[in-house]
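# Structural description and commentary
So you can see what is in the structure, the chains are spelled out below.
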2 protein chains.
Amino acid sequence: MVPLAIDAMGGDNAPQVVIEGVCDALERFSGIDKLLLVGDRPQIETALQNCRADHRSRIEIEHTDQIVAMDEPPAAAIRSKPKSSIALAVEAVKQGRAGGVISAGHTGAAVASTVLKLRTLPGIERPGIATVFPSPSGCFLLLDAGANVDCKPRHLTQYAVMGEIYAREILNIKKPRIGLINVGDEAGKGNDLSKAAYEEISKLADLNFIGNIEGSALFRGTCDVVVCDGFVGNVILKSCESLAGAFGHFLKKLLVKNPVRQMGAFLC
Amino acid sequence: MVPLAIDAMGGDNAPQVVIEGVCDALERFSGIDKLLLVGDRPQIETALQNCRADHRSRIEIEHTDQIVAMDEPPAAAIRSKPKSSIALAVEAVKQGRAGGVISAGHTGAAVASTVLKLRTLPGIERPGIATVFPSPSGCFLLLDAGANVDCKPRHLTQYAVMGEIYAREILNIKKPRIGLINVGDEAGKGNDLSKAAYEEISKLADLNFIGNIEGSALFRGTCDVVVCDGFVGNVILKSCESLAGAFGHFLKKLLVKNPVRQMGAFLC
């Protein structure tokens, strides 16, 4: 089986955290024959010291000492570092030595590398970042979360199609409900972009398009795939992360005001 | 003193909830001489039954039986109901019988009524909805939260100016920090709209413009006024409300997994 290529140097606390994830995956999924780690061999070897021998034997390393830092402008990074870990990981896919690529690193560099080397699928003009959000009823997929901040209506339509496939194939949802993020749930609401996208997506008869959904419905389990442009999606993702981070504080305030034994009322 | 006009029929559970708010305000702010309630007199009188006599004497009622329902298209509602509670409340401001208007009702109808009858201030082309969010360090103001979903860069600049005044005069923040919501905090990031708005706002020397802020910084207390277009602002507002509503569920799950005595770690 063709392995997945992993950008071992991408993301916070790489390669240590990436290697931990790799070993965890090898432990949990016996169907993985091999993973291709791309990055600085000495650092990877050090991070692999606690890796079990039978896991280690399923890991192949491709060495490079070029790394894209998180604060580099993506275009410049791609130009000046043709052998960066993300670039070589994508190259492995292009050469057929890997079947897909995973990176927790620089989003812009990852998007630029993949689009430049692999192009998009037929009918898809722009890449999208799909993010799985937890919700009380399970989860939902949101895309685009930041790859394409100036969308045309047809890009949103293409996200709806890609999101549907992801939800069906990866999240195992039989007939995913597709929603378009908007300021109101009635047809005809929204800005120029969302009104035009609504028209387009409505025409795709194969899609279970449930229409517009407001931000207020996100965590109510009414929708499996939330379609939005990359600007809005990125702001939703980060605002929700920020609010979740502040919950501890709000809860603390609440607990100071109300003894713990009264928490039941709050939880119901 | 010129009273404030209150749309007594606007919002969920009106007029009961509106009247409760009115009585609460009269109780807490002795400086309020009079409030003008506009709406259905019999319904208002019924809701006022438990109102203290000294509060009741500070309330004036202007009767109308036309009410804009929450699901009416705003333009049609304005045309077909010239004597709706919101229209008459705004008219009272126009005639100088009231100094301002408050409505918890149909946003579109409220915005349309005020713009048509009162116009905007000189230099301001579009109205904006300003919303105060709680945050661990106090609060921040976000605008526009949904009045203007297709913004030009200059509209965002005007929101920055209005937001600054609101934060200074109403929230008592001496030198409010103004931020522009964006997908990255470096200058030059973002979509066409945010890049152009960044340029414009930067030129206002009187403003304490701290540049772009990401969604992830919203609840970190780094910014007092968050400027965004009405589409993005509305989605932020409602997504955060939705997540906060789901918080009880996530907390319950957490408590089932971790005994209450371990909660300290979570709270720190």
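Residues numbered from 1 in each chain as written. Chains lettered and ligands numbered in written order. Predicted model: local features only at pLDDT ≥ 70, side-chain atom pairs only at ≥ 80, totals over all residues. Heavy atoms only, no water.

### Quick notes on the relation of the copies chain A and chain B
Turning chain A through 179° and shifting it by 0.1 Å along the axis lays it on chain B, with an RMSD of 0.1 Å. Expressed as a symmetry operation, the mapping of one chain copy onto the other fits a two-fold axis. Take the interface residues of chain A: 98% of them recur as interface residues in chain B, which is what a same-surface contact looks like. (Least-squares fit on C-alpha atoms with pLDDT ≥ 70 in both. Contact = heavy atoms within 4.5 Å.)

### Concerning the packing of aromatic side chains
Residue and element names in this part refer to chain A. Applying the stated criterion across every chain, the model contains nine aromatic pairs over all chains. Seen in terms of ring centroids, F140 and F219 are 5.5 Å apart; in terms of plane orientation they differ by 75°. Their pairing is edge-to-face. With F140 in strand β6 (residues 138-143) and F219 in the loop between β8 (209-213) and β9 (225-227), this residue pair connects regions lying 79 residues apart in the sequence. Grouping residues by exposure puts F140 and F219 together as buried. Taken together, the aromatic side chains of F133, F140 and F219 make up a single cluster linked through ring pairs. (Phe/Tyr/Trp six-rings, centres within 6.5 Å; stacked < 30°, edge-to-face > 60°. Helix = DSSP H or I, 4+ residues; strand = E, 2+ residues; numbered from the N terminus. Buried < 20%, exposed > 50% of the residue type's maximum accessible area, 1.4 Å probe, protein only.)

### Overview of the interface of chain A and chain B
Across the contact, 43 residues belong to chain A and 43 residues belong to chain B. For the pairing of chain A and chain B, the buried interface totals around 3,800 Å² over both sides, and the portion due to carbon and sulfur atoms is 73%. Measuring nitrogen to oxygen at the nearest pair gives 2.3 Å for the salt bridge that ties E214(B) to K238(A). One can count ten residue pairs in polar contact (both at pLDDT 80 or more) joining chain A with chain B. (Buried area = accessible area lost by both parts, 1.4 Å probe. Salt bridge = Lys/Arg side-chain N within 4 Å of Asp/Glu carboxyl O. Polar contact = N/O pair within 3.5 Å; in protein donor to acceptor, adjacent residues only side chain to side chain.)

### What about the nonpolar core?
Core analysis: the biggest nonpolar cluster contains 47 residues, and I181(A), I236(A), I181(B) and I236(B) have the highest contact counts within it. Listing elements by their share of this core, those giving two or more residues are β6 and α9 (230-257) of chain A together with β6 (138-143) and α9 (230-257) of chain B. Beyond its immediate chain neighbours, meaning those up to four positions away, I181(A) contacts S194(A), I213(A), E214(A), G215(A), L218(A), V226(A), V227(A), C228(A), V232(A), I236(A), F231(B) and V235(B). (Core = buried A, V, L, I, M, F, W, Y, C linked by side-chain atoms within 4.5 Å.)

### As for helix α5 (residues 85-94) of chain A
Because the α-helix completes a turn every 3.6 residues, residues three or four places apart line up on one side. All names here are of chain A. Counting buried positions over the ten residues of α5 gives eight, a clear majority of the element. Along α5, the positions that sit buried rather than exposed are S85, I86, A87, L88, A89, V90, A92 and V93. Looking at the buried residues of α5, the elements they touch are β1 (4-7), β2 (35-39), β3 (59-63), β4 (100-102) and α6 (107-118).

### A few points about the pairing of β6(A)
Regular strands place side chains that alternate from one sheet face to the opposite one. All names here are of chain A. Note that strand β5 (residues 131-135) and β6 share five bridges and pair antiparallel. Among the inter-strand pairings, F133 is bridged to a residue of β6, identified as F140. If you look at the hairpin formed by β5 and β6, you'll find two residues sitting between the two strands. Where β6 and β9 come together, three bridges link them in parallel fashion. By the bridge assignment, L142 is partnered in β9 with V226. (Pairing = 2+ DSSP bridges.)

### A word on the sheet that holds strand β2 (residues 35-39) of chain B
For sheets, the rule is that strands pair by backbone hydrogen bonds, running either parallel or antiparallel. All names here are of chain B. Read across the open sheet, the four strands follow the order β3-β2-β1-β4; overall the sheet is parallel. Of all the strands in the sheet, just β3 (59-63) and β4 (100-102) have a single pairing partner and so form its edges. For this sheet, the mean angle separating the axes of adjacent strands, direction not counted, is 25°. Taken strand by strand, helix α1 (residues 16-28) contacts β1 (4-7), β2 and β3, and its axis lies near 175° from that of β2. (Axes fitted to C-alpha atoms, helices over the stretch in contact; angles between N-to-C directions.)

### Remarks on the sheet that holds β4(A)
Residue and element names in this part refer to chain A. Reading across from one edge, β3-β2-β1-β4 is the order of the four strands in this open sheet, with parallel pairing throughout. The sheet is open, and its two borders are formed by β3 and β4, each paired with just one other strand. Within this sheet the neighbouring strands show an average axis-to-axis angle of 25°, counted without direction. Pairing of β1 with β2, which is carried by four bridges, proceeds in the parallel orientation.

### With respect to the side chain of D224(B)
All names here are of chain B. The residue D224 is located in the loop between β8 (209-213) and β9 (225-227) in this model. Of note is the side chain of D224, whose polar atom sits 2.9 Å from the backbone nitrogen of R177. In this structure D224 touches F140, L141, I173, K175, P176 and R177, once residues within four positions along its chain are discounted.

### Let's talk about helix α6 (residues 107-118) of chain B
Residue and element names in this part refer to chain B. When the terminal C-alpha atoms of α6 are compared, their 16 Å separation across twelve residues agrees well with the 16 Å that a helix rising 1.5 Å per residue should span. Looking at α6, one finds that the buried residues are A109, A110, V111 and S113. Contacts from the buried residues of α6 go to α4 (74-80) and α5 (85-94). After α6 finishes, the residue R119 shows a positive phi value of roughly 60°. (Expected span 1.5 Å × (residues − 1).)

### Some words on the pairing of strand β7 (residues 178-181) of chain A
Residue and element names in this part refer to chain A. Burial along β7 is two-sided: the face carrying I178 and L180 and the face carrying G179 and I181 are both buried. For β7 and β8, the ladder comprises four bridges, and the chain directions are parallel. Bridging from a neighbouring strand, I178 pairs with F209 of β8. Bridge count for β7 against β9 is three bridges, and the pairing is parallel. By the bridge assignment, G179 is partnered in β9 with V226.

### Quick notes on the environment of P176(A)
Residue and element names in this part refer to chain A. Position of P176 among the secondary structure elements: in the loop between α7 (153-169) and β7. Put simply, P176 and I210 are 34 residues apart on the chain and 9.7 Å apart in space, counted from C-alpha to C-alpha. With residues up to four places along the chain from it excluded, the contact list for P176 reads E164, A167, R168, N208, D224 and V225.

### Focus: the side chain of E164(B)
Residues and elements named next belong to chain B. Counting through the fold element by element, E164 comes out in helix α7 (residues 153-169). Classification of E164 by relative accessible area gives buried; the value is 7%. One polar contact links E164 to R168, side chain to side chain, over a distance of 2.8 Å. Excluding residues within four positions of it along the chain, E164 makes contact with P176, I178, L207 and V225.

### Side note on the confidence of the model for chain A
Residues and elements named next belong to chain A. Per-residue pLDDT for chain A has a mean of 91; in total, 94% of the residues score no lower than 70. The low-confidence segment residues 259-268 (pLDDT under 50) makes 14 contacts with residues lying over four places distant or belonging to another chain. Two numbers describe this predicted complex: its pTM, 0.86, and its ipTM, 0.84. (pLDDT = per-residue confidence, 0-100.)

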